[in-house]
Structures are given as C-alpha cells and as structure tokens.
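One letter stands for each residue in the lines below.
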Amino acid sequence: MKPRSLEPKKRANLRDVAKAAGVSVATVSRVLNEPGVVKKDTLEKVQAAIDALKFVPSAAARAINSGRTRFVGALVPTLDNAIFARFLAALERELSEHQLSLVVATTNSDLEIEAEKAQSLVDIGAEGLIITGATHSDALHDLIDRTMLPTIITSFYDATNPLPTIGYDNEAVAQLALQHLADLGHRHIAVVHGPVHDNDRTRARLSGLQDLPWDGQLTCYETQISHRGGAESAKLICGQAQKPDAILCLSDVVALGVLFGLQAEDVRVPDDISLVGVDDLPSSAVAVPAITTVHLPVSQMGEKAAVALARWISDQERPSAERLDGQLIERRSAIPNPSRLTS
C-alpha cells in the first residue's frame, strides 16, 4: 500500500475562495466582514466555497481589511490571587458578548513592567486597555496620551482621575471593617496589610483607617500578600507583651494566613481574638471559623468595565467614573467583647 503523504496541504486563502465561488476577492472580504450588505445568493455561494475549502480566515488579514483587531488588554498585578481571577472571568465573559476578546498580562506590581507590557499590547493591536489601581508610570500615561487608547482603571474609584475609574472607594471599604470591630467593643486592633510602596489600594485603605473617628488604638504590621505573610504576622503579634483584641486584615489572603498562624499558636478565633478580612474570597466562607469580611463586587466590576470599554471603542462614548460599594459579610470569626462594651 502506498504510504500516506505527510506533506501538509496548502491552506486555502482568500483568492482560492473567490475563484471557487466565482466572485471577486473584495466580495469574499465583504462576506467575512459585512455579510449584511451582501446579496443572499452571493452569500450562499461564498459560504459554500468556504465550507468546501475548509477556509479559516486569518485574524491578521481580517484586521487589515476591517481596521479592527477586536481584542483588548488587561494588566493585573498577579493571577495568584483569586480576586483577580474572578474579575478577569467576569471581564472576559462580558467582553465576549460585545464580540471582543481579552489578552491578559501580569505586572508583578512593577510600574516599569506594566508600561512595557502595555506597549506590547498596543503593538499587537489592542483596541483598549484595562489597568489596575490609580498609580502608574509616566511612560504608561505617555503611551495612553499618545495613542488616545480607550483605557479604564479598575479596583479604585476616584471621580477626579483623568482616566475613568470603575471600582470601590478603598478608604470606605477599610472603614466598614474597622467600624464593625469597634461596634463589637474592640479597642486594641492589629492591622495586617500588604506592602504600601507599590499598592495605592493598600495606602488608601490605611488612610481610611486613620481618618475614621473612634476611641481605639491601631498597630500596623506590613507583610507580603500571601498565606505565609499572614501566618508570620500572626506569630509576631502573639509574641507581643500586649496582645490585641482583634486583627483586621486588609486582604482575605492575609486573613487566612493569620488564621492559620493563630491556630498554630493555640490562639482561638474568635474566643481569644476576633478576625476580620477584606475581599470575601470563596475560601473565607469555608474556613473554620468562617471569616467575617467585606465583600468587594469584583465580578460586577469586571462586567461594568467590559461594557464601558466596549461602548467607548465602538461608539466613542467615554464612560464616567462609577463607584461600587463594599458590603460587610458577618460570619463566625468576630464576636462582641463584653468587657469592653461595658467599660
């Protein structure tokens, strides 16, 4: 038997389809990009040729013909944190409803890397950008100004920002958590948070805590946003001569680590110390005890950012800033402190 040839078959191109259908290359292009303007019989002939030749349109060629790449780029600090995964899932789902695709780049919270990756996304034809937080390099701002690329900031709300922001008021989010602990009678509270030098959301949350009028004392501990960072902070807190009544973590990732660390030190939550987080990650609901936290509407933020960017791209409709509110989720990790409620 004659051996089967392993030579790859030639991929059909636009000219092959035009020849098979008996039409011009321009007509085939219209069928692919604007089928609504093509007569029904011509559309059927071209589609039959496409099916027979197993023709797959080149994305690059379609972009050249239509002037559209139909994709946007999103720059996020990391994919390790579930909160960004939830945001990106909602963002991609909603973008697809507007016939847009998503390309994701991670920045490791490095402003120089962010600018470089943004440039790469622009170079391959991104029609818009979604970026995280309010602090960015001059290089990124110059790129956006020079290209006039539709760009939306997420995870941060500021109506005065030159770029549209869709996110939450991080100061208010932190205050919601602190007020809950204060209402429970806690007056000596340890605050465990991630690095402040490269994260404007953390800085805003800390600023909100300082601005909230109450009669208690805060002691802050900076660590990495990880379970290990939280566990190490818990060990440090347990080693202090005066232990706090409660621990407020500005991230649920850290709060889970703190919980593990306290358990390793035989400190009971909430009997010995109350614990509150911020984010409302799925793991916080199934921890033992389940962690009281502030829910951040990250999926809603992804959906709204997608709709706003899609309209900006298609209709040149620049969106307005939009604030999304956090919501306190009371669970089992924080309880009243009777001695302080009555003191």
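Residues numbered from 1 in each chain as written. Predicted model: local features only at pLDDT ≥ 70, side-chain atom pairs only at ≥ 80, totals over all residues. Heavy atoms only, no water.

A. Inspection of the pairing of strand β4 (residues 151-154) at higher detail. What you see with β4 is no split at all: Thr-151 and Ile-153 on one side and Ile-152 and Thr-154 on the other are buried throughout. Taken together, the four bridges between strand β3 (residues 129-132) and β4 define a ladder with parallel strand orientation. Pairing of Ile-130 across the sheet is with Ile-152, part of β4. Once you follow β3 into helix α7 (residues 138-147) and on to β4, the crossover reads as right-handed. Taken together, the two bridges between β4 and strand β5 (residues 165-167) define a ladder with parallel strand orientation. By the bridge assignment for β5, Ile-153 is matched with Thr-165. (Buried < 20%, exposed > 50% of the residue type's maximum accessible area, 1.4 Å probe, protein only. Helix = DSSP H or I, 4+ residues; strand = E, 2+ residues; numbered from the N terminus. Pairing = 2+ DSSP bridges. Right-handed = clockwise from strand over helix to strand, strands pointing away.)

B. Structural detail: the layout of surface pockets. In this structure, the largest pocket occupies an estimated 770 Å³ of space. Thr-78, Asn-81, Phe-84, Asn-199 and Ile-225 are the residues nearest the centre of the largest pocket, which is lined by 33 residues in total. Within the residue set of the lining of the largest pocket, elements represented by two or more residues are α5 (82-97), α9 (200-211), α11 (252-264) and α13 (298-315). Residue composition of the lining of the largest pocket, by class: 13 nonpolar, 15 polar and five charged. (1 Å grid on protein atoms, 1.4 Å probe; cavity = no way out; pocket = protein on both sides within 12 Å on 5 of 7 lines; lining within 4 Å. Points joined across faces, edges and corners; volume = space filled by probe spheres on them. Nonpolar A, V, L, I, M, F, W, Y, C, P; charged D, E, K, R; others polar.)

C. Local environment of unusual backbone geometry. Here Val-269 and Pro-270 are connected by a cis peptide whose omega angle stands at 10°. Note on placement: Pro-270 falls in the loop between α11 and β9 (274-279). Of note, the amide linkage connecting Val-288 to Pro-289 takes the cis form, showing an omega dihedral of -5°. Relative to the assigned elements, Pro-289 resides in the loop between α12 (282-286) and β10 (292-295).

D. Just the confidence of the model for the protein chain, in detail. When pLDDT is averaged along the protein chain, the result is 91, and 92% of the positions lie at 70 or above. Note that residues 1-8 has pLDDT below 50 and, in this model, zero contacts with residues that lie over four places away or in other chains. (pLDDT = per-residue confidence, 0-100. Contact = heavy atoms within 4.5 Å.)

E. Representation of the pattern of salt bridges. For the structure shown, the criterion picks out eight salt bridges. The salt bridge involving Asp-272 is made with Arg-268; its shortest N-O contact spans 3.0 Å. Residue classification places Asp-272 among the partly exposed positions, given a relative accessible area of 37%. One salt bridge connects Asp-325 with Arg-323, and the closest N-O pair in it is separated by 2.8 Å. (Salt bridge = Lys/Arg side-chain N within 4 Å of Asp/Glu carboxyl O.)

F. The arrangement of the side chain of Thr-132 in detail. In this structure, Thr-132 sits in strand β3. Judged by its relative accessible area of 8%, Thr-132 falls in the buried class.

G. Just the environment of Arg-68, in detail. Here Arg-68 is to be found in the loop between α4 (59-66) and β1 (71-76). The class of Arg-68 is partly exposed, set by a relative accessible area of 25%. Arg-68 sits 58 residues away from Ala-126 along the chain, and the two C-alpha atoms are 9.2 Å apart.

H. Looking closely at the sheet that holds β9. The strand order across the open sheet formed by six strands is β7-β6-β8-β9-β10-β12, and the pairing between neighbours is mixed. Strands at the two margins of the open sheet, each flanked by one partner only, are β7 (217-222) and β12 (327-329). Averaged over all adjacent pairs, the angle separating strand axes in this sheet is 20°, with direction ignored. Packed onto the sheet, α11 meets β6 (188-193), β8 (246-249), β9 and β10 and runs at close to 155° relative to β9. (Axes fitted to C-alpha atoms, helices over the stretch in contact; angles between N-to-C directions.)

I. Quick peek at the sheet that holds β1. Reading across from one edge, β2-β1-β3-β4-β5-β11 is the order of the six strands in this open sheet, with parallel pairing throughout. Bordering the open sheet on either side are β2 (101-106) and β11 (322-323), each of which pairs with just one other strand. Where β1 lies against β3, two bridges are found, and the strand directions are parallel. By the bridge assignment, Gly-73 is partnered in β3 with Leu-129.

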